[in-house]
Amino acid sequence: MKERNTTSTLKRILVNCSSQAKEYGGCVAKKVPEVERDMCLKEFLALKNCMQNVCLTSVFCYIKNFSMSANASSSQLTVGLSGSGGLSHAYVQYPPLKCNLPGSRGLYYDDANKLLLSPTSDQVFSWKTVPFSPHVAATADYINEGPVLSIRYSLDAKSIAVHRSNQEIQFFQRETRETFTHMCKSESESILGFFWTDCPVCDLVVVKTSGLDLLTVSFTSKSVNLVETKKLSVNWYVYTHGSRLVLLASGMQCKTLTGFQLSSVGIVRLPRFEMVMAKSDANSKPVLAAEDVFIITVYGRIYCLQIDRVAMQLHSYRFYRDAVVQQGSLPMFSSKISVSVVDNVLLVHQVDARVSILYDIFEDSRAPISAPLPLLLRGLPQSHTGRPVNVGESLDRNSSNHELMFYGDDWTFLVPDLICDVASKSVWKIHLDLEVISSSSSEVPSNLEFLQRRKLEASKTKQLCLAITRAFILERRPVTMVAKAIDVLVSSYSHSVKTCSNLKETKVDEASASVGTNASNSSRSAKDESRVGVGDKSFNLSASDSDDQSREIDSRDLQKSGKENLLGAESSRGEVQSSSLHTQQLGLGNNQLNANNSERQDSQLTSPAISPDEMYSCVFVPVGEEIVGDPSYLVAIIVEFLRSTNSEKIKVRPNIYVFTIQLLVRYERFAELSLLIINKVLEPSKEVAMQLLESGHQNPQMRKLALDMLRQLSLHHDYVTLLVQDGCYLEALRYARKHKVTSVRPSLFLEAALASKDSQHLAAVLRFFSDFIAGFRNTPEYQDYFRILNEMNTGLAV
Amino acid sequence: MGLASVNTASEGMQLCIFDLRRGQQEGQELDKILFFFPADLPFATQLSVIGLSEGLITFTRIFSPDAACEVIEAERHSHVFYEAESDIWMVMVVDKSKESKAACQVDALRKVLKEVHSLFVLFHGTMRSMLEKETSGGLIRSHLYPFITDYLSAYQKQSLLCNCCWDFLIGRKLQLPSFHDCLMERGTVQMLTVGREAAIEVQSLVKVLECSAGTTSCYSLVLFQDLLVSTTLSPDDTISLFTYAVLRLTPHALSSGATSWSYLQRTNAGSQVPALSTITNSGSVSDNIYRSRDASLDQENNCQVKRPLHHNRWFRGNDGFLASDIWGTDNGSQTSVTPIVYLQLTEERMYLCAYQHKSLTIILLVPVSSILNGEQGLSLVKQQVLENASLKMLMVEEKLSKGWGGENAYHVSGYRYLLVDDERVSRASPPAKVMTLAKESLLALSKLREEVNLEKKRAKCSSSEVNCDKELEICVRAKNGAWVIARTSRGKELYMVLEKASETLLYAADSVEKFSNRYCSGVFSLD
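Everything quoted here is computed from the prediction, not taken from an experiment.

Engineer: Explain the overall build of chain B to me, and be specific about the residues and the numbers.
Structural biologist: For chain B, the helix and strand inventory stands at 15 helices and 18 strands. Relative to its 527 residues, chain B shows a buried fraction of 55%.

Here's what the structure looks like:
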């Protein structure tokens, strides 16, 4: 697919710039023997200009073509498949979560509890979106009748707050159905919104036009208490629970923003900062809207993306504790933009162009990680043709009443990775197709780096990484390149070991999860800070929600065990009433885990890091089986692997050393092998020594090395036994006496002495044992050999 | 320098190479002689030396068909025999001067012969194959003469160097190995001990080198200073290539050439090829064999007979690769031709590329068969190597020099020792330290080594099957009260002189034990 793109670009260049190319070529041809710098500069510049234009526009063309074709058939919506051949970097899985209830008065999303809420006249239904399952059953709670502007469950899920009007918020306790109302004090201010917080000083934050009110809610006294007020004129605000950050916009253009982070560690006030807005002309003053600002959490760092409609750019800002730093801009190809974050990958949905562009902003790179492609719908019941399903027609058939509009006006992108189709009342979860993304990248080391940062489907990602590495080695790429790839894997593993996040318990209490970021994230961001240059004192604001993501389980796993899940959900429904939503969530999780034990192991992996053992069994061994001929390439790679592990101070199990020895012995590279052993590149161990002994049949030098190794490892028993085997029984005896080795049977020594047909030696050995081992004289062995010795001596005498 | 030294040397030593399969008819005896040093001896004398040797060989073969005679000790001479290839014998006749009476190690002398031969084979292939190529023997003679003369003059040079460096053995005689050298072992490699991390870096470099050369059957040798760091060659090839590298390629060898360059030029002003002209001009070369050969030599000297051991012909190119004009220059371009060496085991022909960065010398052997268009293809390989590995080489050099203890890195104070492993790898006290030993101690050690060698040979003969080498422990008190010690254990040998341990045998044994535990991981600790 990628190739097709490049060839078409090339073709376009050749077609469009043929005249310039001809001129330049002619010019050079004329002067050929004396080639100089800048000799056909004019012609060259013309050609360059033309080529650049073509290249630049190619992306635009691509998108434009796309949107045109999409527009042309917008009623039918044959989106997504025409250009991509059924592949896409991101997709949504059929079926969606249907929130279709009679009498529903709209859909609300509570991003703190990850609940989808649909109020009816006297009830509110909620669907859990984590873990995402289309079959999850709704839970109902009673509320009073009245208008609903927004609705949010408290963080302990015990109460519900409903935003009724500009002046009024109503509270319900779920268990007791108690209720009371909080009113704005003065008429001059109105409530813009509210959110629950896990901040130690307050429970609820109400955003008003005059500022923030920090409140505690008490059902016993049926009242709210004001803890603190932050005075500030506010036009609109943006909040995400993931970042615990609220941004308040003020000013004529609404581009002056003030931020507060209300996390479990306390309240941090961010310095006021101005958004960048380009002006179309001197007098125009574009106004920033709330829809134009997105707070995203990526790798535990908090960014803000801001749409600049005039410049057609998406500016990004990164938040630090005491600074906000502008980070650069992403291009916009559509007037309507939305963003999602899936597994720390930023998806910028160019809604009008009907494509999504993926960015991995780990390394401050602004380059997209794949070509702009539309989201794809997967898992629709197969139509009669075998080809990937066309969204439009299939929807006509399947979801009879509601027309699903891909990138339609009804689409609302929910934080961080959900899409809510308001018209059909269905919710989709966005997934990344890492396989497609990685196959579109030819730079394997950076690709692996990207994959190693993915946490969502850790076991799948890990398998993908292993497959990529295997293929990379089998293709016999240059050792330096493979070394880079291995470095990536090893350092990722060492990182995951250091942070102990490899096998993390998922049952972290949500409240405590907000204590800070993953240690990994914070250390990563600490590293970055020095590069940003804000200084040591600036701690970046940490997102506390990153744990939530790791709790999400691949929805397809859920589908596999869909029945059990349903049961689980039902059985846990009883609990819900008694306890909290939170436990329901865990109950479901447990149920699913019980359903499939092997999956449990996989889903608990939170990092795709590959241990040296897995490298050995999943990369080196299979590759060793497949590679024919000289193994030196594979040995070179193993050496690089050892270098990498050594520099990261990771222990390697002996099996990889044994494997290396086998490889080298098979092709009789004894010189290299002995160097590797002598210099302890292959660290000494019993397994290594035994393998060397085995190859000692072919090369006595190896046997010597093995013996030396055994002695150095103080494996006295094996050493003595081998010495006896070699016929050096006298030396073995000496050694046995020195190191008090009594475990070797005396008969071995005696047999060896007898084999040498030296009666003196036999006598010496016999004598030694009768002295060395108490009671040896009484054993039948002694008697036997004593007799033999006598016979030998008499034989001599005769 | 050439004339004088060679003449004086000739008094002390004769060296001849002859082929028993040639000249079997009466009157054709001269045909046997492939090489004789000094060349100006009358043929009658030459033939008498060879005749005696041949007679002895034939005689002793009756009793020991596999290993004929090794040495004859006459009243005034020692004859040292070495069968280089089947039926091609090298014999060295050494005068027994008063000083070196019974002190000249026969084994060391034989190792000199072995070394010349292995170097010759490295660059020219086996003598037998050369004789088969050209049955008249002219070809091999024309190659052997310059080669061995260069080798011997290397000896003179080495000892001269010793003079200037260590004020040792003043004189211009050909310095054959004597008792003074009994704490070193010819024909072994000296290894650099490296830590695991550095070793991995080195291995990684080696692998990158081999892979960047494009073919899988590349070999490499890495040296740091005059010490071997890594090799992928077979042991025998490693030894001969290592010997050559230390003689001619290492930074030490290159710089020593540079310092004495002017001196040599002055002395060589008269003749282009000093050593060779000495041979050809000095003696009354009457016989037509030699004359014809010399004539042909003079003509072909420049184009055909390469002299790999010729002094001061290697220099470091701008790209870091070592170059030499010994093999001439490429037609058309000004680059010098890359030498070709022969591997002993596989008899493969390999291009020898040497790269040097500071103290690090890397020798890369690329199969001739894998490079299609000669020098051009080779320069591509070199470029590839530079591209892929130059960074690694810098890093390895840095790492190794950081870990290196300098000239006296392997000195153990209080001990003068020689450690030989499997007759392939050796380590010894630095020569400057050995020099401080008294003559008596060295003489005693030399004698002791002779004994040990004899003992080893006996053991080998009696039980060739058992791979458990004989264990030996000998402590001798020399006249001056020093302890001279030899220990062998499982193929490893330790020789030691303890001059200050004048106390008791117990004390000496204790010192050896300590040494063994600390530096040889307890190999020689008996009980």
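Engineer: Hey, could you go over the nonpolar core for me, with residue numbers and the actual values?
Structural biologist: Taken as a class, soluble globular proteins show a tendency for nonpolar side chains to be buried jointly. Grouped together as the largest cluster of nonpolar side chains are 155 residues, with contacts concentrated most on Phe620, Leu692 and Phe749 of chain A together with Leu400 of chain B. Counting residues per element, this core draws most heavily on helix 17 (residues 632-647) of chain A, at nine residues. Core analysis: the next-biggest nonpolar cluster, separate from the first, contains 78 residues, Leu675 of chain A together with Phe81, Trp89 and Val112 of chain B among them.

Engineer: Would you mind going over the packing of helix 6 (residues 444-452) of chain A against helix 7 (residues 458-474) of chain A in detail, with residue names and values included?
Structural biologist: All names here are of chain A. It is the contact of helix 6 with helix 7, at a shortest axis distance of 10 Å, that shows an interaxial angle of 165°. Considering their axes alone, helix 6 and helix 7 lie roughly antiparallel with respect to each other. Regarding helix 6 and helix 7, the two cross each other, and that crossing is left-handed. Counted together, Val444, Asn447, Leu448, Leu451 and Gln452 of helix 6 and Thr461, Leu464, Cys465, Ile468, Thr469 and Phe472 of helix 7 form the full contact between these two elements. Class assignment of the residues belonging to the contact of helix 6 with helix 7 gives a composition of seven nonpolar, four polar and no charged.

Engineer: Explain the sheet that holds strand 8 (residues 159-165) of chain A to me, using residue names and the numbers behind them.
Structural biologist: All names here are of chain A. Taken together, the four strands give an open sheet; going across it, the order is 7-8-9-10, and neighbouring strands pair in antiparallel fashion. Every other strand in the sheet has two partners, leaving strand 7 (150-153) and strand 10 (179-183) as the edge strands with one partner each. Ignoring strand direction, the axes of neighbouring strands in this sheet form an average angle of 20°. Sheet topology places strand 7 next to strand 8; four bridges connect them, and they run antiparallel. Bridge pairing in strand 8 links tyrosine 153 to isoleucine 160.

Engineer: Which residues make up the side chain of glutamine 203 of chain B, and what values do they have?
Structural biologist: Inspection of the secondary structure puts glutamine 203 of chain B in helix 6 (residues 196-212). With relative accessibility at 4%, the residue glutamine 203 of chain B sits in the buried group. If near-sequence neighbours (up to four positions away) are discounted, glutamine 203 of chain B is found in contact with Val639, Leu675, Leu676 and Val681 of chain A together with Ser230 of chain B.

Engineer: An account of unusual backbone geometry is requested, with residue identities and associated values reported.
Structural biologist: Residues and elements named next belong to chain A. Along the chain, tyrosine 94 connects to proline 95 via a cis peptide bond; the corresponding omega equals 0°. Residue position: proline 95 is located in the loop between strand 1 (90-93) and strand 2 (97-98). Here the phi dihedral of arginine 244 falls at roughly 55°; this positive angle occurs in a residue that is not glycine. Mapped onto the elements, arginine 244 comes out in the loop between strand 15 (236-240) and strand 16 (245-250). With relative accessibility at 1%, the residue arginine 244 sits in the buried group. One non-glycine residue, cysteine 254, adopts positive backbone phi at about 60°.

Engineer: Give a detailed account of the confidence of the model for chain B, specifying residues and quantitative values.
Structural biologist: All names here are of chain B. When pLDDT is averaged along chain B, the result is 77; 78% of the residues meet or exceed 70. The least confident element of chain B is helix 9 (residues 261-268), whose mean pLDDT is 33; the most confident is strand 8 (residues 227-231), at 92. Overall, residues 1-10 carries pLDDT values under 50, and its contacts beyond four positions in sequence, including any with other chains, amount to 18 contacts. Across residues 258-303 the pLDDT falls below 50, and counting only partners more than four positions away or on other chains, this stretch makes 53 contacts in the model. Overall fold confidence (pTM) sits at 0.75, and the ipTM for the predicted complex is 0.81.

Engineer: Outline the interface of chain B and chain A, supporting the account with residue identities and numerical values.
Structural biologist: A common way to report how large an interface is uses the accessible area buried once the components associate. At the junction of the two partners, chain B supplies 38 residues and chain A supplies 36 residues. Around 3,100 Å² of area is buried between chain B and chain A when both sides are counted, 51% of it from carbon and sulfur atoms. Looking at the side of chain B facing chain A, the largest losses of area belong to Arg196, Lys207 and Arg490 of chain B, adding up to 24% of the total buried there. Here chain B is connected to chain A by six salt bridges. Measuring nitrogen to oxygen at the nearest pair gives 3.0 Å for the salt bridge that ties lysine 704 of chain A to aspartate 422 of chain B. Put simply, chain B and chain A have eight residue pairs in polar contact (both at pLDDT 80 or more) between them. Sorting elements by how many residues they give to the side of chain B that touches chain A places helix 6 of chain B first, with eleven residues.

Reading guide: rules and limits
Residues numbered from 1 in each chain as written. Chains lettered and ligands numbered in written order. Predicted model: local features only at pLDDT ≥ 70, side-chain atom pairs only at ≥ 80, totals over all residues. Heavy atoms only, no water. Helix = DSSP H or I, 4+ residues; strand = E, 2+ residues; numbered from the N terminus. Buried < 20%, exposed > 50% of the residue type's maximum accessible area, 1.4 Å probe, protein only. Core = buried A, V, L, I, M, F, W, Y, C linked by side-chain atoms within 4.5 Å. Axes fitted to C-alpha atoms, helices over the stretch in contact; angles between N-to-C directions. Parallel < 35°, antiparallel > 145°, perpendicular 65-115°, else oblique. Left-handed = near helix turned anticlockwise from the far one by under 90°. Contact = heavy atoms within 4.5 Å. Nonpolar A, V, L, I, M, F, W, Y, C, P; charged D, E, K, R; others polar. Pairing = 2+ DSSP bridges. pLDDT = per-residue confidence, 0-100. Buried area = accessible area lost by both parts, 1.4 Å probe. Salt bridge = Lys/Arg side-chain N within 4 Å of Asp/Glu carboxyl O. Polar contact = N/O pair within 3.5 Å; in protein donor to acceptor, adjacent residues only side chain to side chain.

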